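Chains, contacts and geometry: an overview
Listed below are the residues making up each chain.
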Amino acid sequence: MVLQAIEKMRAALAWRPEELASARASGRKVIGWTGYNVPEELIYACGMIPVRISRGGSSRLAEMGANYISTQNCFFLRQCVGPFAEDVDPYIKQIDALVTDTTCLQSHRMSSLVEHYFQVNLLQLGMPKDPQRPEARRYFAHEVRFLVARLEKIAGRELDTARLAETLELYQNIREAVRELYRRVWTTSTLSWRTVNEMVHAGYLLDRVVYLGLLQELLQESKEDPGEKLPSQSVRVLLAGSPMAPGDNKLIEIVEKSGAVIAGDLLWSGFAQFTDLDFKECSLQGLIDSYLDRLPHAALPFMEVVTDRKLIKLLDVVRQSGARGVIYYSLRFCDPFSFKMLVTKDYLKLAGVPLMEAQTDFGEMDIETLRTRVEAFLEMLAIRS
Amino acid sequence: MNSNEARGEGNQRGTQLLYAGIDIGSLGSKAVVISQNGIKGCAVLPTGVFPEKSGQEALETALANANAGRERVRYLVATGYGRITAQHANKTITEITCHARGAHHLHPATRTIVDIGGQDCKVIRLDNEGNVADFAMNDKCAAGTGRFLEVISNVFKVPLEELGDLAKGDAPLVPINNTCTVFAETEIISLIARGERSESILKGVFSAIASRVAGIASRIGVSGDVFFSGGVAKNYGVVSALEAVLECPVYVPGFDPQLVGALGAAMLARELGVRV
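Conventions we followed
- Per chain, residues are indexed from 1 in the order of the written sequence.
- Chain letters start at A and ligand numbers start at 1, both assigned in the order the entries are written.
- Predicted model: local features are reported for residues with pLDDT of at least 70 only, side-chain atom pairs are reported and counted for 80 or more only, and whole-chain, interface and lining totals are derived from all residues.
- No hydrogens and no water enter the side-chain calculation; it runs on all heavy atoms of the structure.
- Numbering of helices and strands runs from the N terminus, with a helix taken as a DSSP run of H or I at least four residues long and a strand as a DSSP run of E at least two residues long.
- For the radius of gyration, the atom set is restricted to C-alpha positions; the globular benchmark scales as 2.2 Å times the number of residues to the power 0.38.
- Partly exposed describes any residue whose relative accessible area lies between the buried limit of under 20% and the exposed limit of over 50%, with all areas from a 1.4 Å probe on protein chains only and scaled to the type maximum.
- It only takes one pair of heavy atoms within 4.5 Å for two residues to be counted as in contact.
- The Shrake-Rupley method, run with a 1.4 Å probe, gives the accessible areas here. Residue values count only the displayed protein chains as cover.
- When charges are tallied, Lys and Arg are placed among the positive residues and Asp and Glu among the negative ones, while His and the ends of the chain are skipped.
- To locate a charge, take atom NZ for lysine, CZ for arginine, CG for aspartate or CD for glutamate.
- The axes are straight lines fitted to the C-alpha atoms, using for helices just the contacting stretch, and the angles between their N-to-C directions are given from 0 to 180°.
- Roughly parallel here means an angle under 35 degrees, roughly antiparallel means over 145, roughly perpendicular means 65 to 115, and every remaining angle is called oblique.
- When the near helix sits turned anticlockwise from the far one by under a right angle, the crossing is termed left-handed; a clockwise turn instead gives a right-handed crossing.
- The residue classification treats Ala, Val, Leu, Ile, Met, Phe, Trp, Tyr, Cys and Pro as nonpolar and Asp, Glu, Lys and Arg as charged. All others, Gly included, are polar.
- Whether two strands pair comes down to DSSP finding at least two bridges between them.
- In what follows, salt bridge is the name for a side-chain nitrogen of Lys or Arg lying within 4 Å of a carboxyl oxygen of Asp or Glu.
- Each of two parts loses accessible area, computed with a 1.4 Å probe, when they are put together; buried area is these two losses added.
- An automatic or database domain assignment provides the domain bounds reported here.
- Polar contacts here mean pairs of N or O atoms no more than 3.5 Å apart (in protein, one a potential hydrogen donor and the other a potential acceptor; neighbouring residues in sequence count only if both atoms are side-chain atoms).
- Seen with its strands pointing away from the viewer, a crossover is right-handed when the path leading from the first strand over the helix to the second is clockwise.
- Centre distance within 6.5 Å is the pairing criterion for rings of Phe, Tyr and Trp, where only the six-membered ring of Trp is used; planes under 30 degrees apart are then read as stacked, over 60 as edge-to-face, and the remainder as tilted.

A tally of regular secondary structure across chain B gives eight helices and ten strands. Taking 2.2 N^0.38 as the reference for a compact globule, 276 residues should give roughly 19 Å; the C-alpha atoms of chain B span a radius of gyration of 19 Å, in line with that estimate. With the principal axes as the frame, chain B shows a C-alpha extent of 65 × 35 × 30 Å. Within chain B, the proportion of its 276 residues that are buried is 57%. Long-range pairs, those at least 24 residues apart, make up 66% of the contacts in chain B with a sequence separation of at least 6. Approximately 11500 Å² of chain B is accessible, and the part contributed by carbon and sulfur atoms is 50%. Side-chain charges in chain B split into 26 positive and 28 negative, and the spacing between the mean points of these groups amounts to 5 Å.

This part takes up the packing of helix α6 (residues 134-155) of chain A against helix α11 (residues 284-293) of chain A. All names here are of chain A. Packing of α6 against α11 leaves a shortest axis separation of 10 Å and a crossing angle of 125°. Taken together, the axis directions place α6 and α11 in an arrangement best described as oblique. Our pair here, α6 against α11, has a crossing hand that is right-handed. Residues R137, F140, A141, V144, R145 and V148 of α6 touch α11, and the partners they reach there are L284, Q285, I288, D289, Y291, L292 and D293. When the residues that make up the contact of α6 with α11 are grouped by side-chain class, the tally is eight nonpolar, one polar and four charged.

Turning our attention to unusual backbone geometry. Backbone geometry at Q119(A) places phi at a positive 55°, although glycine is not the residue there. Of note, Q119(A) is situated in the loop between α5 (105-118) and β4 (122-125). Note on Q119(A): relative accessible area 63%, which makes it exposed. Here K157(B), not a glycine, exhibits a phi torsion of approximately 55°, which is positive. Along the chain, the position of K157(B) falls in the loop between α4 (146-156) and α5 (181-194). Owing to a relative accessible area of 73%, K157(B) belongs among the exposed residues under this scheme.

The next point concerns the environment of N67(A). Residues and elements named next belong to chain A. Tracing the backbone shows N67 in the loop between α3 (59-65) and α4 (75-86). Of the residues examined, N67 reaches a relative accessible area of 63% and is grouped as exposed. Between the C-alpha atoms of N67 and V81, which are 14 residues apart in sequence, the distance is 9.2 Å.

We now examine the sheet that holds strand β8 (residues 355-360) of chain A. Residues and elements named next belong to chain A. Pairing is parallel in the open sheet, where four strands are placed in the order β6-β5-β7-β8. Edge strands, defined here as strands with exactly one partner in the open sheet, are β6 (261-266) and β8. For this sheet, the mean inter-axis angle between neighbouring strands, taken without regard to orientation, is 30°. Sheet analysis places strand β7 (residues 325-331) next to β8, joined by six bridges and oriented parallel. Each bridged residue has a counterpart across the sheet, and for L331 the counterpart in β8 is T360.

Under the criterion given, the structure shown has 39 salt bridges over all chains. Two residues, D289(A) and R137(A), come together in a salt bridge whose shortest N-O distance is 3.7 Å. A residue pair is termed long-range when its members are at least 10 positions apart, and D289(A) in helix α11 and R137(A) in helix α6 qualify at 152 residues. In this structure, D256(B) engages K234(B) in a salt bridge whose closest nitrogen and oxygen atoms are separated by 3.3 Å.

Moving on, we get to the interface of chain B and chain A. Taken residue by residue, the interface counts 20 residues in chain B and 16 residues in chain A. Summed over both sides, the interface of chain B with chain A buries roughly 1500 Å², with 53% coming from carbon and sulfur. It is T94(B), F135(B) and K140(B) that lose the most area in chain B upon contact with chain A, and together they represent 29% of the buried surface on that side. At the junction of chain B and chain A, the tally comes to two salt bridges. Across the pair K345(A) and D134(B) runs a salt bridge whose closest N-O atoms are separated by 3.0 Å.

Residue and element names in this part refer to chain B. Within the open sheet, the five strands sit side by side as β8-β7-β6-β9-β10. Their pairing is mixed. This sheet does not close on itself; its edge strands, each paired only once, are β8 (132-138) and β10 (250-251). In this sheet, β10 lies alongside strand β9 (residues 225-229) in parallel orientation, the contact comprising two bridges. Residue pairing for β10: V226 is matched across the bridge by V250. Docked against the sheet, helix α3 (residues 95-106) engages β6 (110-116), β7 (121-126), β8, β9 and β10, running at close to 60° with respect to β7.

All names here are of chain B. Between α3 and helix α8 (residues 260-275), whose axes approach to 7 Å, the crossing angle comes to 90°. Viewed along their axes, α3 and α8 adopt a mutual orientation that is roughly perpendicular. On the side of α3, the interface is formed by T97, C98, H99, R101, G102, A103, H105 and L106, while α8 contributes V260, G261, L263, G264, A265, M267, L268 and E271. Its residues assigned to classes, the contact of α3 with α8 comprises eight nonpolar, six polar and two charged.

Here we come to the domain arrangement of chain B. All names here are of chain B. You can read the domains of chain B as domain 1 (3-96 + 259-273) and domain 2 (109-252). Taking only C-alpha atoms, the centre of domain 1 and the centre of domain 2 are 27 Å apart. Across the boundary between the two partners, domain 1 contributes six residues, which contact 13 residues of domain 2. With both sides pooled, the region where domain 1 packs onto domain 2 buries about 760 Å², and carbon together with sulfur makes up 73% of that total. Between domain 1 and domain 2 we count zero salt bridges in total. At the boundary of domain 1 with domain 2, the tally comes to one residue pair in polar contact (both at pLDDT 80 or more).

Another point: the pairing of strand β3 (residues 97-101) of chain A. A regular strand places its side chains on the two faces of the sheet in alternate fashion. All names here are of chain A. Extensive coverage of β3 is indicated by the burial of five of its five residues. Pairing of β3 with β4 involves four bridges; the strand directions are parallel. Of the residues in β4, the one forming a bridge with L98 is L122. Assessed by its sense of winding, the connection that carries the chain from β3 through α5 to β4 is right-handed.

Residues and elements named next belong to chain A. Under the definition given, this model contains eleven aromatic pairs over all chains. Measuring from ring centre to ring centre gives 6.0 Å for F76 and W268, while their planes differ by 90°; the resulting arrangement is edge-to-face. In this pair, F76 is assigned in helix α4 and W268 in the loop between β6 and α11, connecting sequence segments 192 residues apart. Like W268, F76 is buried. Pairing W186 with F271 gives two aromatic rings, centres 5.4 Å apart and planes at 75°, and the pair type is edge-to-face. Of this pair, W186 sits in helix α7 (residues 161-187) while F271 sits in the loop between β6 and α11, and the two are 85 residues apart along the sequence.

In structure tokens:
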């Protein structure tokens with residue numbers, strides 16, 4: 001039985017490109033964005049419509065993107081370029097500008113290429129590699145203010161502090177609702193990770209107020225009338241590693257068809273964007289500080305182990321979700337998420353949590369070998385439990 | 001494990017329940033049939049183009065060796081890459097788990113398994129109970145697999161099973177620099193043309209395979225007794241090279257090392273069949 005909130009979400013998504021066209025016809029701007037540290041809130045606060053352009057899972061679009069970006073770049077970023085080349089995606093066709101950041105150097109390269117080859121109005125936000133240094137914080141604050149100035153120019157209006165405060169509160173409410181949904185996945189058998197993942201991905205595109213409403217409906221509905229009854233005896237696993245953008249379902253399907261339950265994730269495309277980002281104050285400086293202090297992206301070098309917040313958070317999510325093991329997604333050529341994969345494995349091993357690396361791409365040639373690895377890992381976890 | 005048991009001799013006729021494991025690999029389909037008392041029959045056949053058919057034929061051959069019919073098989077577990085084609089199996093289990101069970105049965109002190117098959121190579125670490133603790137695989141490239149040795153045996157124009165014997169002397173090893181099977185073949189042909197001894201070249205080939213395995217093993221660590229399974233374990237030269245690079249003895253079972261996965265599958269079938 002499909003939850004009503006999910007049905008409404010799907011209907012809203014089906015309608016969304018037309019809705020955007022209508023908004024543009026009335027003078028509003030649509031701003032595409034991708035990048036872990038892009039403050040989407042600023043786009044919304046300037047009265048424009050943010051649309052997160054991340055997609056995955058299409059070797060066809062990745063191949064198309066590879067005509068412009070090196071094949072040594074990850075499949076996710078190649079697929080980011082592909083839709084610009086194809087020029088049929090209803091969201092890509094409607095963006096008035098693209099905001100990206102320089103957290104990941106490959107992503108930086110991708111956005112520069114998109115600007116060069118497809119004449120996209122690019123707003124790049126510089127991100128320091130060591131956000132805790134005072135000089136880095138000053139740099140980021142300057143970059144954010146510069147971004148605001150450029151957004152204001154596109155919007156044709158100045159950023160209003162009251163509007164900003166309202167926006168930050170709205171986004172904070174969205175984060176809290178999503179976190180509650182994840183907690184529901186972790187602690188009950190009445191809501192599946194897949195459902196929450198679909199809702200999270202819908203949030204890339206939907207109107208923010210509508211989205212918050214849908215999240216709250218889903219929370220209420222799953223509380224009153226579960227609708228989903230998940231098998232309690234299945235092995236529970238957590239997904240971590242490279243982002244799994246909407247459409248990148250290969251590994252998810254292999255895991256689920258192997259009989260396991262995905263208990264949660266710590267992916268930038270999923271839970272990681274909602275955790276550890278609470279606004280200290282509803283102001284521009286509060287936003288700046290919060291982004292600097294959030295869970296660091298894997299591309300920001302950090303050699304320590306015991307004090308690595310990403311590792312600490314991962315173990316925390318494993319424990320809260322009741323996962324027996326972690327399947328670590330290593331998307332081919334996604335270097336940042338491979339840097340510390342072995343360190344992550346050893347860290348979790350000390351805590352008694354096995355980790356399996358699933359190295360793959362968007363193609364289908366390795367489905368059976370990947371399935372063998374996943375099934376062997378699940379057999380191992382089943383015996384241990 | 002005695003040789004009678006290994007050959008499936010001394011079978012009991014009658015209605016004793018049997019449990020079977022079939023391992024459908026990329027090159028060979030293997031089957032082992034056991035009862036509560038031990039191994040009753042086994043078989044190895046080429047997989048060919050139709051894995052489901054070859055899996056069934058391997059099972060029928062093993063049953064014929066056991067002097068038994070299909071109706072006596074209470075539970076069948078299929079493993080190997082072709083396991084999904086085994087519609088007649090009660091359950092499919094990955095070859096990682098099956099090799100662990102088979103190796104632990106044959107040599108309980110096993111803590112690391114090296115399995116080199118026709119087209120893949122895996123290293124499996126076991127805990128003290130013989131359960132899988134970790135594993136690493138290479139199945140994207142033929143380097144260091146049975147397929148590599150098939151290519152080499154064609155170059156030297158000797159049967160695959162005689163390759164190891166050609167490297168038994170004390171000639172010095174000639175290193176093979178290419179890791180790719182295709183380029184290594186070209187390199188070997190050049191070495192032969194240059195007048196290098198077959199023995200030296202083959203030692204280089206076996207050393208290259210062992211180095212490849214060691215690279216995979218380093219991802220999960222080697223500890224305790226090392227058990228070598230898969231068809232390549234029958235090659236004395238690879239065994240020696242592996243011992244040299246891992247710096248420890250490598251145990252090759254007296255039971256056909258190609259059948260370890262199927263044996264493990266049969267043992268798991270017995271455990272599951274008893275519960276049913």
